[in-house]
Amino acid sequence: MRARRFEALARSRRAASLALSNRKEIATPHLGAVNSLQVDLTEGRYLLSGASDGSAAVFDLKDATEYEAGFIAKHRSILLVDRQHQHGHKFTVSKAIWYPVDTGLFVTASFDNYVKVWDTNSTQVVMDFKMPGKVYSAAMSPIATTHMLIATGSADVQVRLCDIASGAFTHTLSGHHDGIMSLEWSTSSEWILMSGGCDGAIRFWDIRRAGCFLILDQLRSQLGRRPPIIDSTTDNHQKNLGRSSSSKSYSVQQRTGNHKKQSKGLRKSLTMVRGHTQQKVHPGMSSSQNRKTAHYGAVTGLRTTTDGMHLLSSGSDSRLRLWDIDSGCNTLVNFEAMRLQTSKPLQLAVTDDPSLVFIPCMSSIKAYNTWSGTTFQTFRGHYDHVNCCYYNSQDQVSFPSIVLC
Amino acid sequence: MGDVSDRIGRPTDNGQIGIIDPDCRLIGLHLYDGLFKVIPFDNKGQLKEAFNIRLEELQVLDIKFLYGCVRPTIVVLYQDNKDARHVKTYEVALKEKDFVEGPWSQNNLDNGAGLLIPVPAPLGGVIIIGEETIVYCNANSTFKAIPIKQSITRAYGRVDPDGSRYLLGDNAGILHLLVLTQERERVTGLKIEHLGETSVASSISYLDNGVVYVGSRFGDSQLVKLNLQPDATGSFVEILERYVNLGPIVDFCVVDLDRQGQGQVVTCSGAFKDGSIRVVRNGIGINEQASVELQGIKGLWSLKSSFSDLYDMYLVVSFISETRFLAMNMEDELEEIEIEGFDAQIQTLFCQNAINDMLIQVTANSVRLVSCTSRELVDQWNAPEGFSVNVASANASQVLLATGGGHLVYLEIRDAKLVEVKHAQLEHEISCVDLNPVGENPQYSSLAAIGMWTDISVSIFSLPDLELIRKENLGGEIVPRSVLMCTLEGISYLLCALGDGHLFSFLLNASTGELTDRKKVSLGTQPISLRTFSSKGTTHVFASSDRPTVIYSSNKKLLYSNVNLKEVNHMCPFNTAAFPDSLAIAKEGELSIGTIDDIQKLHIRTIPLNEQARRICHQEQSRTLAFCSFKYTQNSMEESEAHFIRLMDHQTFEFLSTHPLDQYECGCSMISCSFSDDNNFYYCVGTAYVLPEENEPTKGRILVFAVEDGRLQLIVEKETKGAVYSLNAFNGKLLAAINQKIQLYKWMTREDGSHELQSECGHHGHILALYTQTRGDFIVVGDLMKSISLLVYKHEESAIEELARDYNANWMTAVEMIDDDIYVGAENSYNLFTVRKNSDAATDEERGRLEVVGEYHLGEFVNRFRHGSLVMRLPDSEMGQIPTVIFGTINGVIGIIASLPHDHYVFLEKLQTTLVKFIKGVGSLSHEQWRSFHNDKKTSEARNFLDGDLIESFLDLNRSKMEEVAKAMAVPVEELSKRVEELMRLH
């Protein structure tokens with residue numbers, strides 16, 4: 001058997017045999033619900049959590065602080081910033097994320113309208129950004145090499161990009177009609193950001209240009225994406241006709257933009273480039289497109305697959321949708337019935353394959369088969385609502401968060 | 001040239017696909033799931049910028065271009081989410097950089113469909129090979145199918161350019177012929193015919209005239225001929241030639257089977273029906289056929305009974321004060337005889353058959369010419385008064401000898417008389433002479449080679465006038481002890497061996513006597529004597545010394561291969577009717593006659609098994625090898641696997657005993673060990689019950705066998721809660737890796753004398769502990785996906801604790817401890833890495849971490865590391881102390897990792913960086929990039945590893961390039977060559 005195939009099989013088997021660990025225990029110092037979890041991207045060793053009591057904590061997952069009964073590894077937090085801390089957040093920490101390049105920095109976003117950047121070693125705030133409303137979400141691009149931007153979504157309608165390098169807001173991305181619950185950077189292009197708003201829209205932004213370039217439409221499906229086999233000239237002709245809903249002149253403009261982008265040496269984002277050409281109309285300019293929605297109600301969670309080809313979104317309509325990023329189509333995978341929390345941002349997780357998607361469903365975590373939408377497994381173990389889950393591919397351990405009663 | 005890798009994207013699990021449009025419009029690559037990369041050609045044949053097209057099918061099994069399409073069209077065989085298989089076609093629209101829905105598609109094919117064969121125009125269309133059916137479809141919705149016997153087809157080869165016949169090879173090694181019957185360029189049906197059995201084919205190429213090359217990754221590749229008529233067994237296949245392939249090496253052990261102080265590698269090679277045990281030996285072996293004890297041999301020559309005879313008859317053995325003559329008698333026995341004309345009371349310096357059916361004997365005081373027929377003295381030349389002959393050489397018509405004081409005397413045989421033709425006085429004493437003819441005349445040499453004392457030189461003289469043509473100073477203080485002129489593969493060489501085991505080689509111009517291309521190698525440490533011999537019609541040179549070597553020429557290059565003998569003083573070819581192509585070899589206190597192996601570096605012996613061996617182990621005490629193997633048996637419907645433990649003799653490789661394992665039970669590990677308080681040696685075998693419904697085995701056994709009268713005797717069995725992936729002897733106990741646990745077992749003797757394994761302690765905390773190695777109290781564990789960790793056994797507490805681990809996520813395929821502190825691991829992205837124990841680090845945190853010190857991309861999937869070496873170790877040499885580890889890979893590569901001393905490493909690393917500038921890689925790919933550690937997670941430059949193959953290619957450079965390299969290194973060429981040759985001596 002090929003090594004890759006074996007590895008893939010072994011991984012999926014492990015993912016499939018996921019269960020609540022009774023040998024590992026994370027002793028949480030949080031007094032409120034845990035809203036965010038992330039394991040650092042460099043070593044896969046330190047778990048960062050943010051909780052509704054305004055605290056954030058770091059745990060070492062490799063070395064247990066103590067062993068209980070000989071074999072239950074107990075992990076206590078090795079770092080805690082809470083309200084007692086001189087710079088601590090006053091209200092709920094909605095998101096806590098690692099700086100993607102190393103574990104020297106982490107970022108917390110809070111309902112006290114602040115986004116704070118922390119030095120891990122000194123546990124001091126090195127920078128803070130005051131936002132116009134409660135901050136629901138913050139995200140940093142895991143692949144960025146040319147920028148150090150934190151995308152933040154708040155109760156305000158704009159997505160703001162905070163630059164760690166300068167300490168200022170570099171962009172405000174307007175388009176959403178309501179607050180922004182979830183944000184996700186593209187895993188294939190460092191300039192592409194996806195945002196999900198309380199208005200039910202998922203917008204794609206290229207931060208180098210104004211306006212959003214794609215709004216996902218739940219009614220636009222994957223079927224018949226490829227043009228049928230006809231003689232190529234008429235084919236093209238029809239295609240143009242079919243797309244004639246608005247501004248024909250734009251297709252030219254889009255193409256030039258396309259070239260410029262390639263010349264900038266962005267070979268990694270070829271799939272994204274094609275995304276532009278598919279969507280020949282600039283949605284920011286068209287009011288009909290501007291109203292498209294991905295979910296009825298708020299978009300509460302976003303997650304791209306590791307290969308950057310698909311996007312998963314959850315909404316307050318208790319739906320999980322799988323999108324083809326390239327074409328912006330809804331793949332119409334029908335994820336079996338679920339009930340999701342409606343008022344909070346949710347953190348989803350995907351396996352590397354990406355054959356399984358994990359989603360917090362009230363007091364359990366459900367794992368769905370990504371392609372068929374069937375329920376694969378339900379993980380129970382929490383005593384109250386689950387807000388977030390994280391899948392650590394290196395160790396193959398999923399970390400569901402705990403909401404204390 | 002460019003890079004087609006994408007930074008993002010999931011590499012395909014089913015392997016990369018690269019195809020070219022039959023009309024050469026584009027190259028198609030399927031490297032990542034969901035993406036099809038297109039590299040268009042422009043009309044001049046240049047490559048244009050590549051782009052990706054999104055492919056909706058995520059699980060692609062095969063993609064091919066269709067023939068005879070106006071626009072490039074691909075056909076995709078894929079599997080959907082419900083595991084059903086379909087084909088679909090797409091046209092590639094180059095301008096739009098997208099696919100257009102293709103002309104046809106076909107849903108719900110055979111569940112085992114895995115191979116597409118595009119059929120050339122005018123037929124067009126595609127053949128889809130399944131496990132139970134073969135289907136042909138094309139754009140005109142022609143659909144033809146035939147059922148076949150269940151088999152997995154792995155390879156196909158097109159016979160006719162119009163695509164009407166194909167050869168198919170399946171994984172049982174059966175070759176089939178598929179015929180498309182046609183009528184007016186339309187396919188009317190399919191026919192399949194059984195041809196015969198070959199190796200399990202990975203690729204099939206039809207050459208011509210019914211000759212087919214079957215390339216195999218699982219067994220030897222073959223050249224086969226397809227006959228028109230079946231043979232007695234009904235097979236149309238005749239095997240013309242086999243090409244040895246060791247891969248896949250699943251396991252191997254290093255043993256010294258011949259007890260010569262030299263390791264041999266015994267591998268579990270091949271897969272399926274081509275499984276075999278292979279014995280790989282380095283160097284040339286001598287198969288001894290007869291030997292006598294004889295002390296103090298000073299020289300050996302063979303003589304024929306007449307000049308035109310094909311075979312040798314007499315063997316002249318010279319001692320310090322006498323000479324004895326041996327001859328083959330009628331019973332093919334060697335007996336002592338007398339040759340009346342020869343002087344037997346004195347040491348012989350040289351003997352030779354000469355023209356006119358004469359024999360020449362050179363002794364210290366005379367040269368004697370003896371008739372072959374009458375064996376009587378015909379003529380004699382006496383050394384001048386007060387002088388004695390020191391060294392001499394002769395050929396069929398000439399004799400050259402040196403007497404003391406630098407006198408050189410040249411004699412010719414004319415009309416059965418010895419005629420002194422020329423006498424010369426040289427300035428120094430003569431240490432060695434040679435007259436071996438290298439010119440056109442095989443009986444007469446126009447050149448003589450002479451080595452001299454004092455100025456340490458070798459000279460070429462012309463004959464018969466004894467004029468100095470060329471003198472080459474050798475440098476140093478060691479006297480040349482043997483010179484030889486010889487012609488190998490049509491090229492003349494002058495070889496000159498020194499008293500310290502070094503050898504100079506020169507290219508010799510046979511007509512002018514010019515010497516060029518001087519090279520120096522070290523063969524041993526003792527004086528060398530050189531002799532030519534011929535084997536299978538080719539001439540080679542034998543260098544006798546403490547490290548006997550055969551010098552041979554391959555592709556017009558001199559190669560040195562060691563002979564598997566400890567020390568040889570003298571050698572002469574002894575080609576008799578009873579022992580053709582034999583050599584007479586004088587060792588310390590012994591004269592032996594033997595035949596020589598084929599002249600090549602590695603010798604591979606194959607023991608076919610017809611089943612696949614998975615683990616092998618040697619037990620010296622019982623002189624046996626044991627191995628775990630399994631066999632697929634396919635009944636009419638059921639496919640089953642049977643596993644065995646088999647025992648065989650380590651010299652004859654005969655099967656001695658078999659122990660069948662239970663149903664679903666398979667052997668996972670095997671060692672030979674003894675336990676404390678018990679002197680017997682046992683084979684311990686770890687097994688697993690692989691039940692089809694289980695993801696991970698939950699049951700296994702440890703079986704302990706003793707070898708009694710050549711039988712495997714089950715002594716103890718112990719059930720375990722999982723697969724026993726690894727076993728190690730550990731402080732007189734048995735250490736087993738069972739699923740995620742490391743478990744230590746004690747060997748207990750019950751009152752009734754029976755034994756049992758009793759668990760003592762264990763350690764949890766691995767995903768799957770697949771590989772363990774031990775040294776003292778330390779245990780190194782290679783985990784399925786969590787790299788290497790180091791455990792220690794604490795005697796007082798009788799507990800195993802983790803000391804340190806490597807926190808990288810490497811998927812291990814093998815581990816070994818190079819020494820106490822450095823461990824080497826191989827992972828499944830074909831990389832090697834080494835980690836070091838940080839025992840002197842200041843903090844606990846650092847001590848708990850295995851520091852990665854070396855990284856290297858090998859490009860091979862390593863299955864096993866073992867300590868050992870394929871070459872004989874000379875205890876007194878510096879290189880003999882270097883620890884080496886042998887590894888075996890899936891592709892059948894056997895390699896060696898040597899841990900070099902630091903200064904040596906620094907020097908060679910500098911040489912490597914210099915060489916990279918001079919030696920271009922294949923396709924000008926960068927060496928640095930290729931050797932960079934690379935896996936899904938990271939890419940980093942190779943460090944603390946050197947590429948031995950690259951460094952050794954220094955010796956293949958021509959002289960001017962070598963000088964350039966030497967200049968860049970600021971080290972003389974000789975020094976560089978010496979260091980590189982030293983390195984070569986390691987393998």
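Residues numbered from 1 in each chain as written. Chains lettered and ligands numbered in written order. Predicted model: local features only at pLDDT ≥ 70, side-chain atom pairs only at ≥ 80, totals over all residues. Heavy atoms only, no water.

(A) Representation of the overall build of chain B. Each helix and strand in chain B was counted, giving six helices and 77 strands. In terms of overall dimensions, chain B has a C-alpha envelope of 105 × 85 × 65 Å along the principal axes. A total of 987 residues make up chain B; the buried ones form 56% of that total. Counted over contacts in chain B with a minimum sequence separation of 6, partners at least 24 positions apart contribute 48%. (Helix = DSSP H or I, 4+ residues; strand = E, 2+ residues; numbered from the N terminus. Buried < 20%, exposed > 50% of the residue type's maximum accessible area, 1.4 Å probe, protein only. Contact = heavy atoms within 4.5 Å.)

(B) Up close: the overall build of chain A. Scanning chain A for helices and strands turns up five helices and 28 strands. Counting only residues that meet the buried cut, chain A has 58% of its 405 residues in that class. In chain A, the proportion of contacts linking residues at least 24 apart, taken out of those at least 6 apart, comes to 49%. Within the structure as shown, chain A displays about 16200 Å² of accessible surface, and the carbon and sulfur contribution to it stands at 51%. (Areas by Shrake-Rupley, 256 points an atom, 1.4 Å probe, with all protein chains shown as cover.)

(C) Geometry of the pattern of salt bridges. Taken as a whole, this structure holds 54 salt bridges over all chains when the rule is applied. Across the pair Lys37(B) and Asp6(B) runs a salt bridge whose closest N-O atoms are separated by 3.0 Å. Here Lys37(B), found in strand S3 (residues 35-40), pairs with Asp6(B), found in the segment before strand S1 (17-20); they are 31 residues apart in sequence, far enough to count as distant. Each member of the pair, Lys37(B) as well as Asp6(B), is classed as buried. One salt bridge in this structure joins Glu427(B) and Lys471(B), with 4.0 Å as the shortest N-O distance. With Glu427(B) in the loop between strand S36 (417-425) and strand S37 (430-434) and Lys471(B) in strand S40 (residues 467-473), the pair connects residues that are 44 residues apart, well separated along the chain. With relative accessibility at 62%, the residue Glu427(B) sits in the exposed group. Lys471(B) gets classed as partly exposed once you look at its relative accessible area, which sits at 29%. One network of salt bridges, in which partners are shared, links Arg45(A), Asp60(A), Glu845(B) and Arg849(B). (Salt bridge = Lys/Arg side-chain N within 4 Å of Asp/Glu carboxyl O.)

(D) Layout of the packing of helix H5 (residues 959-969) of chain B against helix H6 (residues 973-984) of chain B. Residues and elements named next belong to chain B. Their axes nearest at 9 Å, the elements H5 and H6 cross at an angle of 95 degrees. Taken together, the axes of H5 and H6 lie roughly perpendicular to each other. Contacts from Arg959, Met962, Glu963, Val965, Ala966 and Met969 in H5 reach Val973, Glu974, Leu976 and Ser977 in H6. Its residues assigned to classes, the contact of H5 with H6 shows six nonpolar, one polar and three charged. (Axes fitted to C-alpha atoms, helices over the stretch in contact; angles between N-to-C directions. Parallel < 35°, antiparallel > 145°, perpendicular 65-115°, else oblique. Nonpolar A, V, L, I, M, F, W, Y, C, P; charged D, E, K, R; others polar.)

(E) Main features of the sheet that holds strand S57 (residues 665-675) of chain B. All names here are of chain B. Here four strands make up an open sheet; going across it, the order is S57-S58-S59-S60 and the pairing antiparallel. If you trace the sheet from one side to the other, it starts and ends with S57 and strand S60 (711-720), each paired once. When the angles between neighbouring strand axes are averaged without regard to direction, this sheet yields 25 degrees. Here six bridges tie strand S58 (residues 678-689) to strand S59 (residues 700-708), and the two strands are oriented antiparallel to one another. Bridge pairing in S59 places Tyr683 opposite Phe705. (Pairing = 2+ DSSP bridges.)

(F) Main features of H6(B). Spanning twelve residues, H6(B) covers 16 Å between terminal C-alpha atoms, matching the ideal 16 Å at 1.5 Å per step. Check the buried side of H6(B) and you find it contacts strand S44 (515-522), helix H2 (902-918), helix H4 (948-952) and H5 of chain B. (Expected span 1.5 Å × (residues − 1).)

(G) A look at the nonpolar core. Residues and elements named next belong to chain B. Counting residues in hydrophobic clusters, the biggest one holds 33 residues, and the most contacted among them are Ile360, Val362, Val367, Trp381 and Leu401. Those residues in contact with Val362 that lie beyond four places of it in its chain are Thr348, Leu349, Phe350, Val367, Val389, Ala392, Val399 and Leu401. Counting residues in hydrophobic clusters, the runner-up holds 26 residues, among them Ala723, Ile767, Leu784 and Met812. (Core = buried A, V, L, I, M, F, W, Y, C linked by side-chain atoms within 4.5 Å.)

(H) Main features of H2(B). Residue and element names in this part refer to chain B. In this model H2 runs 25 Å from its N-terminal to its C-terminal C-alpha over 17 residues, within 8% of the 24 Å that 1.5 Å per residue would give. Regarding H2, the residues found buried are His904, Tyr905, Phe907, Leu908, Leu911, Gln912, Thr914 and Leu915. The inward-facing, buried residues of H2 contact helix H3 (927-930), H4, H5 and H6.

(I) Molecular detail of the UniProt feature "repeat: WD" (unreviewed entry) in chain A. Residues and elements named next belong to chain A. Sequence positions flagged by UniProt for "repeat: WD" (unreviewed entry) are, in local numbering, residues 86-128, 173-208 and 292-333. What you have in residues 86-128 is 0% helix and 53% strand, and the ends, taken at the C-alpha atoms, are 13 Å apart. Taken end to end, residues 173-208 is 0% helix and 50% strand, and its two terminal C-alpha atoms sit 11 Å from one another. (UniProt positions renumbered as here; feature names shortened; annotations may be inferred.)

(J) Looking closely at the sheet that holds strand S12 (residues 143-147) of chain B. Residues and elements named next belong to chain B. Across the sheet, which stays open at both edges, the four strands sit in the order S9-S10-S11-S12 with antiparallel pairing between neighbours. Two strands close off the open sheet at either side, each with one partner strand: strand S9 (115-118) and S12. Averaged over all neighbouring strand pairs, the angle between strand axes comes to 15 degrees, with direction disregarded. Looking at chain direction, strand S10 (residues 126-129) and strand S11 (residues 133-137) are connected through four bridges and run antiparallel. For Ile129, the partnering residue across the bridge sits in S11 and is Ile134.

(K) Geometry of the side chain of Gln612(B). All names here are of chain B. Along the chain, Gln612 falls in strand S53 (residues 612-619). Of note is the side chain of Gln612, whose polar atom sits 3.3 Å from the backbone nitrogen of Phe272. Those residues in contact with Gln612, other than ones at most four positions away along the chain, are Val250, Gly270, Ala271, Phe272, Gly275, Cys628, Ser629 and Phe630. (Polar contact = N/O pair within 3.5 Å; in protein donor to acceptor, adjacent residues only side chain to side chain.)

(L) Up close: a negative patch on the surface. Residue and element names in this part refer to chain B. A surface patch of like charges, here negative, comprises Glu331, Asp332, Glu333 and Glu335. Note on placement: Glu335 falls in strand S28 (residues 334-337). For Glu335, a relative accessible area of 38% translates into the label partly exposed. (Patch = residues over 30% accessible without salt bridge, like charges linked within 9 Å, V, L, I, M, F, W, Y side chains within 5 Å. Lys, Arg positive; Asp, Glu negative; His and termini not counted. Charge placed at Lys NZ, Arg CZ, Asp CG, Glu CD.)

(M) Representation of the packing of H2(B) against H5(B). All names here are of chain B. For the pair H2 and H5, interaxial distance at closest approach is 10 Å and the crossing angle is 130 degrees. Regarding the angle of H2 to H5, the classification is oblique. In the packing of H2 onto H5, the handedness of the crossing is right-handed. For the pair formed by H2 and H5, the contact residues are Phe907, Lys910, Leu911, Thr914, Leu915 and Phe918 on the first element and Lys961, Glu964, Val965, Ala968 and Met969 on the second. When its residues are assigned to classes, the contact of H2 with H5 shows seven nonpolar, one polar and three charged. (Left-handed = near helix turned anticlockwise from the far one by under 90°.)

(N) Structural context of the environment of His763(B). Residue and element names in this part refer to chain B. Take His763: it is sitting in strand S64 (residues 755-763). Each C-alpha atom of the pair His763 and Ala737 lies 9.5 Å from the other, and the pair is 26 residues apart in sequence. Dropping the residues within four chain positions of it, His763 is found in contact with Gln740, Lys741, Ile742, Leu791, Ile800, Glu801 and Glu802.

(O) Region of interest: a nonpolar patch on the surface. On the surface, a nonpolar cluster with roughly 230 Å² of combined accessible area is contributed by Val244(B), Leu602(B) and Ile604(B). Mapped onto the elements, Val244(B) comes out in the loop between strand S20 (237-243) and strand S21 (251-255).

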